[in-house]
Amino acid sequence: MRLSIEHLKTGWLHPSRVVRNTVAAHFTDTFTADPDVTAHAIQAVQAFGWEQFLTWGYKFSQLPLANDAALEWVCGEVERTDAAAPSDKLKRHLTTMLARAKIALLERHRERLLAAPAFGPRERQAITTRLELADCSATDAWQRLEDHCRRATAGETFADARIPEAELLLEPLERAGNEIADRMLEVLRNPPPNSGGDDPAEWLTGLMITLAGRLRHEEAAAAIWDLMTIDWDWYEDEGLKALKRIGTPAVVQLARESYQTAPWETRLHAASLFTVIHCEESAAAIAEAIRDELEDDLRAGLGLAAASHLDDRLVPLARMVFEEDPEDPERADIREPLVAFSYLSGQDLPERDDWERAIDEIDDQVRQMGDPATSPLAEALFRQFDGEDDGEDDEYEDLGLQDLIDETAGRIERGAVIGRNARCPCGSGKKYKQCCLRNTGG
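Each value, and the rule that gives it
- Residues numbered from 1 in each chain as written.
- Predicted model: local features only at pLDDT ≥ 70, side-chain atom pairs only at ≥ 80, totals over all residues.
- Heavy atoms only, no water.
- Helix = DSSP H or I, 4+ residues; strand = E, 2+ residues; numbered from the N terminus.
- Buried < 20%, exposed > 50% of the residue type's maximum accessible area, 1.4 Å probe, protein only.
- Contact = heavy atoms within 4.5 Å.
- Areas by Shrake-Rupley, 256 points an atom, 1.4 Å probe, with all protein chains shown as cover.
- Axes fitted to C-alpha atoms, helices over the stretch in contact; angles between N-to-C directions.
- Parallel < 35°, antiparallel > 145°, perpendicular 65-115°, else oblique.
- Nonpolar A, V, L, I, M, F, W, Y, C, P; charged D, E, K, R; others polar.
- 1 Å grid on protein atoms, 1.4 Å probe; cavity = no way out; pocket = protein on both sides within 12 Å on 5 of 7 lines; lining within 4 Å.
- Points joined across faces, edges and corners; volume = space filled by probe spheres on them.
- Salt bridge = Lys/Arg side-chain N within 4 Å of Asp/Glu carboxyl O.
- Core = buried A, V, L, I, M, F, W, Y, C linked by side-chain atoms within 4.5 Å.
- Expected span 1.5 Å × (residues − 1).
- pLDDT = per-residue confidence, 0-100.
- Phe/Tyr/Trp six-rings, centres within 6.5 Å; stacked < 30°, edge-to-face > 60°.
- Lys NZ or Arg CZ within 6 Å of the ring centre and 35° of its normal.
- Left-handed = near helix turned anticlockwise from the far one by under 90°.

Novice: Would you take a moment to explain the overall build of the protein for this structure?
Specialist: For the protein, the count of helices and strands is 25 helices and 0 strands. Taking all 442 residues of the protein together, the buried fraction comes to 51%. Contacts in the protein between residues at least 24 apart in sequence constitute 65% of all its contacts with a sequence separation of at least 6. Summing over all exposed atoms, the protein offers an accessible surface of approximately 20800 Å²; the carbon and sulfur share of this is 49%.

Right, dumping it as structure tokens:
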């Protein structure tokens, strides 16, 4: 039995924060467009307060904002100044959520939103630009997008390409839908040679990956999967998000067919898709991959995929992977969806209470790191899980959750051993476990 979407919606109001975290992860990782999910999440905030609602409250801001009632409520939370108001950091996420609201809502609430003191220049500009583009034709938007891509090649850094501004031009194309689908597919299926961003067509290709995801265009999935093999993190990141948005059995089949012979990074992406796309094909792919996978960290990811399906048929697989090495920090995440499944399904899990206490203890340790505004380590951790990136190097930015906690407790001796999640010393920019660790037998 796999828990239904309607059953998961009830989990927003469950007294266990572990359950609420799992429900939030499910709906945000699958890029839900269901406004009813947001309504349930609002009820949960009202019931538990921002402080106890979720471990990472920013996930609320990733939910869809598609009706007046929800927008009014979020505006009210941004304007709150009492002790129970969301933190300043969370308010910034909520203003971003408002700026991403349906265009019809922005038009109706333009004056209130643009006058709100909490809105920064970026959010105001996004709202203004989106409203200006409301009547932009697909032909004009495509031309402006190509012009932007030509300018992007002159930049010295990725930030210089101003991709968030370019993405605003995707909205008129998204509204056009089938009108531009063939043109989008033509770009995706005929990528230029990799030149590190020196060709405008490379930037256009990346933006078409994003557009295909927004359109949930299944026909683009195969081309996106192929593009993810190109050595550019942007293609990989946007490709993975796009495939998750498309989220059909056909996407799973692409990953499943290549899994056994694929390199490590591709198998990692496949496991991520198996985790998020809940269907019979994923369940079969997970069982098949766990049977043959020898890489320890990939087995941990597949165990998490099995647990995240919230399906009693996959629970034994998830438990098997966890029990292979219960002390492995990478397997620790398997416990959370299993605890949630036990609560929501009513099925017995002997370790549930012990596991829940252990998960809550880690949450408490994170909270004890201090205010991100005054603690560099807490700020680094918040950015890593908050989805923020200021583009600056940080000595903590590549550490995992348990490594960060260990760092706080003073248990890591820098320079003595290279952490699996630390930046690889070879200079590739990848994590050590994703790079030279595989060549050391570690």
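Still more to cover.
Novice: I tried to follow the packing of helix α2 (residues 17–29) against helix α22 (residues 335–345) on my own but got confused; where do I start?
Specialist: Axis angle and axis distance: for two packed helices, these are the angle between their axes and the distance between the axes, and together they describe the pair. At a minimum axis separation of 8 Å, α2 and α22 run at an interaxial angle of 105°. Considering the angle they form, α2 stands roughly perpendicular to α22. Residues Val-18, Val-19, Asn-21, Thr-22 and Val-23 of α2 pack against Glu-336, Pro-337, Val-339, Ala-340, Tyr-343 and Leu-344 of α22. Of the residues contributing to the contact of α2 with α22, the split by class is 8 nonpolar, 2 polar and 1 charged.

Novice: Would you take a moment to explain empty space enclosed by the protein for this structure?
Specialist: Rolling a probe over the atoms, with the probe sized like a water molecule, indicates the empty space that remains. All chains considered together, the criterion is met by 4 cavities of 30 Å³ or more. In this structure, the largest cavity spans a volume of roughly 40 Å³. Taken together, Cys-75, Val-78, Glu-79, Leu-98, Arg-112, Leu-113, Ala-116 and Phe-119 form the lining of the largest cavity. Elements represented by at least two residues in the lining of the largest cavity include exactly α4 (68–79) and α7 (110–115). Here the element with the most residues in the lining of the largest cavity is α4; it accounts for 3 residues. In terms of residue class, the lining of the largest cavity is built from 6 nonpolar, no polar and 2 charged.

Novice: Can you help me understand the pattern of salt bridges in this one?
Specialist: Close approach of charged atoms lets side chains of opposite charge pair. The tally for this structure, following the rule as stated, stands at 33 salt bridges. A salt bridge links Glu-351 to Arg-319, with the nearest nitrogen and oxygen atoms 2.3 Å apart. Linking Glu-351 in the loop between α22 and α23 (352–367) with Arg-319 in helix α20 (residues 315–324), this pair joins segments that are 32 residues apart in sequence. Across the pair Glu-324 and Arg-331 runs a salt bridge whose closest N-O atoms are separated by 2.8 Å. A network of salt bridges, in which partner residues are shared, links Asp-296, Arg-299, Glu-324, Asp-328 and Arg-331.

Novice: Could you clarify how one ought to interpret the nonpolar core in this entry?
Specialist: Nonpolar side chains tend to gather and get buried jointly when the protein is soluble and globular. Counting residues in hydrophobic clusters, the biggest one holds 121 residues, and the most contacted among them are Trp-12, Phe-60, Leu-173, Leu-188, Met-208, Ile-224 and Phe-274. With residues up to four places along the chain from it excluded, the contact list for Met-208 reads Trp-142, Leu-145, Leu-170, Leu-173, Met-184, Val-187 and Leu-188.

Novice: Quick question: what am I supposed to make of α4 here?
Specialist: Because each turn of an α-helix spans 3.6 residues, side chains separated by three or four positions end up pointing in the same direction. Between its first and last C-alpha, α4 extends 16 Å over 12 residues, near the 16 Å set by a 1.5 Å rise per residue. When we look at burial in α4, the residues that qualify are Ala-70, Leu-71, Trp-73, Val-74, Cys-75, Glu-77 and Val-78. Where α4 is buried, its residues contact α3 (35–53), α5 (88–99), α6 (103–108) and α7.

Novice: What should I look at first to understand unusual backbone geometry in this one?
Specialist: Excluding glycine, residues mostly carry a negative phi; peptide bonds, for their part, are mostly trans. One non-glycine residue, Arg-162, lies in the positive phi region at around 50°. Relative to the helices and strands, Arg-162 resides in the loop between α9 (138–152) and α10 (163–168). Look at Arg-216: it is not a glycine, yet its phi comes out positive at around 50°. Within the secondary structure, Arg-216 sits in the loop between α13 (200–215) and α14 (221–227). Look at Arg-216 and you get partly exposed, because its relative accessible area is 35%.

Novice: Looking at this structure, I do not really get the confidence of the model for the protein. What am I missing?
Specialist: Predicted coordinates in areas of low pLDDT are best not read in detail. Counting all residues, the mean pLDDT for the protein is 86, and 83% of those residues have values of 70 or more. With pLDDT under 50 throughout, residues 386–421 is counted as low confidence; its partners more than four residues away or in other chains account for 69 contacts. Note that pLDDT drops below 50 for residues 437–442; the model gives that stretch 8 contacts with residues more than four away or on any other chain.

Novice: Which parts of the structure should I look at to understand the packing of aromatic side chains?
Specialist: For any pair of aromatic rings, geometry is given as the distance between the ring centres together with the angle between the planes. Evaluated as defined, the whole model comprises 16 aromatic pairs. When the ring of Tyr-259 is compared with that of Phe-274, the centres are 6.2 Å apart and the planes differ by 35°; the resulting orientation is tilted. Separated by 15 residues along the polypeptide, Tyr-259 in helix α16 (residues 249–259) and Phe-274 in helix α17 (residues 264–276) bring together distant segments of the chain. Classification of Phe-274 as buried rests on a relative accessible area of 0%. For the pair Phe-322 and Trp-355, a centre-to-centre distance of 5.0 Å together with 65° between the ring planes defines the contact as edge-to-face. One end of the pair, Phe-322, is in helix α20; the other, Trp-355, is in helix α23, and 33 residues separate them in sequence. In this pair, the class of Phe-322 matches that of Trp-355, namely buried. Following the ring pairs from residue to residue traces out a cluster consisting of Trp-12, Phe-27, Trp-50, Phe-53, Phe-60 and Trp-73. Its end group placed over the ring of Phe-48, Arg-20 keeps NZ or CZ at 3.7 Å from the ring centre. A cation sits over an aromatic face here: Arg-352 above Tyr-343, 3.9 Å from the ring centre.

Novice: So what exactly am I meant to see when it comes to the packing of α4 against α5 here?
Specialist: Relative orientation of the contacting elements α4 and α5 amounts to 150°, with a least axis distance of 10 Å. With respect to each other, α4 and α5 are oriented roughly antiparallel. The element α4 and its partner α5 pack so that their crossing is left-handed. Residue-level contacts link Leu-71, Val-74, Cys-75, Glu-77 and Val-78 of α4 to Lys-91, Leu-94, Thr-95, Met-97 and Leu-98 of α5.

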